[in-house]
Amino acid sequence: MTAIEMCSVRHGYGRTTVLHDLSLTVGEGEVLGLFGHNGAGKTTTMKLILGVLRPDAGEVRVLGVPAGEARARRELGYLPESVSFYPQLSGRETLAYFARLKGTPVSGIAGLLDQVGLTNAADRRVRTYSKGMRQRLGLAQALLGEPRLLLLDEPTVGLDPIATAELYALIDDLRRRGTAVVLCSHVLAGVEGYIDRAAILCQGRLRALGSLPELQREAGLRWHLTSLRVDPQGRTLRYERTVAAKDKMAWLRALASQPETVDVEVRAPSLEDLYRHFQAGVDEQRRETV
Amino acid sequence: MTVLWSIAMKELRDALRNRWLLAISVLFAVLAVGIAWFGAAASGTVGFTNVPATMASLSTLATLLIPLIALMLAYDAIVGEDEAGTLLLLLSYPLGREQLLLGKFVGHGLILALATVAGFGAALVAILVGVDGVPTTVLVGAFARFAVSSMMLGWVFLAMAYVLSCRVREKSTAAGLALAVWFFFVLVFDWLLLALLVLSEGRFSPQSLPWVLLCSPTDLYRLINLSGFDAGAEITGVLALGRELPMPVWGLWGVLGLWVLLPLGLAGVLFRRRV
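Residues numbered from 1 in each chain as written. Chains lettered and ligands numbered in written order. Predicted model: local features only at pLDDT ≥ 70, side-chain atom pairs only at ≥ 80, totals over all residues. Heavy atoms only, no water.

In the nomenclature of an unreviewed UniProt entry, chain B corresponds to Multi-copper enzyme maturation ABC transporter from the organism Alcanivorax xiamenensis.

What follows is the structure, given as structure tokens:
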């Protein structure tokens, strides 16, 4: 079953349209990265999937039912961007409250607190929590009731590198168990290894959608080759060049066949490069229309 | 139903934890006992005088205080959750918007009910124990009516607070508007009515004017609390109009009930439209 099906979805507030003709599917056990600048329509897309907003045109289906239906909401976990929760409740009480609202047993809370590393702070008021701890509490909240679809809005904000790595490991684990994950972020570095596909939104339009290799092909960005060579005098020299993807292997073979080559480093176009590429295309279009 | 109750219980627990419930109860008790003892101090006597005079001064003071407490309790119910980011989260949960609003209402309503019963109940016991020869049945009846109507008056202003909270985008706006609502119903409405009476010089039909009192929940509340007595001296200002109101007491209760339900319904409609 597909976790999310969005079909020619349009949405606007008043007279401004923030999403144009968005079509997107996310399958079970798939991790989709949703990227875009501020105001690109990421949060609106999230709200449409949550069923908090209704599309002006098109259809959004979640786990086989229209978005917003009680069944879809029960099997969905959501981590909002920068949620501060209730300062007067403890972490454990917060989770107990949300568990009751979701209709899941309160007994699973201890395990969740342990999973996000908040066991020691569980009985302290949320008022005393750091930003990272609140973020982890939000994550535990999103995991209540073993959701089959997880929506994470800027999940790594406020997390230190170790906690971020733990989060990605957790996402990996959930993916293996068949949970679909939508990861919404504008922090691109480090995400590449954990997403199956990336969707790049720009001014309310889907600019690109696909796996990283697919997007690299589509963008036709050049690869970076760095080689170290030893010249006859024994000095090490460093050469850098960018090559088209189709020429990459020829270059590598050529470099490898030269005995003076001591090292070769290959860097693929990163998500950030791709993001910049697709973003730039829109900027040019905008300039043309103006 | 369990979801609604969970939301209500959270509000109640919040009020217990930040000592709001305790503070309101103590305030009500001190107010009631103070008025019973010193209400007649202006006429040169200290100590419990009679039931009608006590109820009249008590309801006058409660008219100022209870709406203020209710508005303060509930003005940020929706807009506050929105600012904290929890509203979007709650809306993504399997619960209806009306369940969230009603849950808040039940919780806040329960806080006011408990504070009223505890505060005024304590005062009643103090008067019964401390004053000899007090007409017990009359006093208990008057206090019961006073407590229940105070509760309902509080609910009216809770519902009004939700209307504001569902309508505005910022907590500070809701707070400002809540103060305006309080000012209007507690002071301005009566001034306007008095001005109308004086300036019209009797040109309005005396049959229709008393009905205007039904447009103010605070005047309704005071009419209900004075209805048990034929104490003409206690009825002052615009409330004198109420004597000409051809409506039984249960009718006044009914209209006060409508004052709870209509704003609550309006808040529901506004909340549904909120994006």
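We now examine unusual backbone geometry. Residues and elements named next belong to chain A. Notably, L63 is not glycine yet its phi reads approximately 50°, a positive angle. In this model, E146 sits at a positive phi of 45°, which is unusual for a non-glycine residue. Relative to the helices and strands, E146 is located in the loop between α5 (131-142) and β7 (149-153). (Helix = DSSP H or I, 4+ residues; strand = E, 2+ residues; numbered from the N terminus.)

Before going further, it helps to examine the pattern of salt bridges. All chains considered together, the criterion is met by 24 salt bridges over all chains. Of the charged contacts in the structure, one is a salt bridge between R92(A) and D123(A), with a shortest N-O distance of 3.0 Å. Separated by 31 residues along the polypeptide, R92(A) in helix α3 (residues 91-102) and D123(A) in the loop between α4 (109-115) and α5 bring together distant segments of the chain. Put simply, E93(A) and R17(B) hold a salt bridge, and the shortest N to O gap is 2.7 Å. Taken together, the positions of E93(A) in helix α3 and R17(B) in helix α1 (residues 2-17) put the pair across two chains. Each of E28(A), R71(A), E75(A) and R148(A) takes part in a single network of salt bridges with overlapping partners. (Salt bridge = Lys/Arg side-chain N within 4 Å of Asp/Glu carboxyl O.)

We now examine the interface of chain B and chain A. On the chain A side, the residues contacting the 21 residues of chain B number 25 residues. Contact between chain B and chain A buries roughly 2,300 Å² in total, counting both sides, with carbon and sulfur atoms accounting for 63%. Considering only the surface of chain B that becomes buried against chain A, R17(B), Y93(B) and P94(B) emerge as the three largest contributors, covering 27% of it. Applying the counting criterion to the chain B and chain A interface returns 1 salt bridge. Taken together, the connections running from chain B to chain A amount to 8 residue pairs in polar contact (both at pLDDT 80 or more). Only α1, α4 (79-84) and α5 (86-91) of chain B provide two or more residues apiece to the side of chain B that touches chain A. When residues of the side of chain B that touches chain A are assigned to their parent elements, the largest contribution, 7 residues, is made by α1(B). (Contact = heavy atoms within 4.5 Å. Buried area = accessible area lost by both parts, 1.4 Å probe. Polar contact = N/O pair within 3.5 Å; in protein donor to acceptor, adjacent residues only side chain to side chain.)

This part takes up the environment of L31(B). Residues and elements named next belong to chain B. Inspection of the secondary structure puts L31 in helix α2 (residues 20-38). Exposure remark for L31: the relative accessible area of 13% places this residue in the buried category. Put simply, L31 and S216 are 185 residues apart on the chain and 23 Å apart in space, counted from C-alpha to C-alpha. Setting aside residues no more than four positions away along its own chain, L31 makes contact with L58, L61 and L65. (Buried < 20%, exposed > 50% of the residue type's maximum accessible area, 1.4 Å probe, protein only.)

All names here are of chain A. As paired elements, strand β1 (residues 2-13) and strand β4 (residues 57-62) share 5 bridges and run antiparallel to each other. Residue pairing across strands places I4 opposite V62, the latter belonging to β4. Across 2 bridges, β4 lies against strand β5 (residues 65-66) in antiparallel orientation. Residue pairing in the sheet places R61 in a bridge with P66 of β5. Count of turn residues in the β4/β5 antiparallel hairpin: 2 residues, of which L63 carries a positive phi of about 50°. (Pairing = 2+ DSSP bridges.)

This part takes up the sheet that holds strand β13 (residues 261-267) of chain A. Residues and elements named next belong to chain A. The strand order across the open sheet built from 3 strands is β12-β11-β13, with neighbouring strands paired in antiparallel fashion. The two strands at the open ends of the sheet, each matched to only one other strand, are β12 (236-243) and β13. Averaged over all pairs of adjacent strands, the angle between strand axes in this sheet comes to 15°, irrespective of strand direction. Pairing geometry for strand β11 (residues 223-230) and β13, over 6 bridges, is antiparallel. Along β13, the bridge assignment pairs L225 with V266. Strands β11, β12 and β13 of the sheet are contacted by helix α8 (residues 248-257), whose axis makes an angle of about 5° with β11. (Axes fitted to C-alpha atoms, helices over the stretch in contact; angles between N-to-C directions.)

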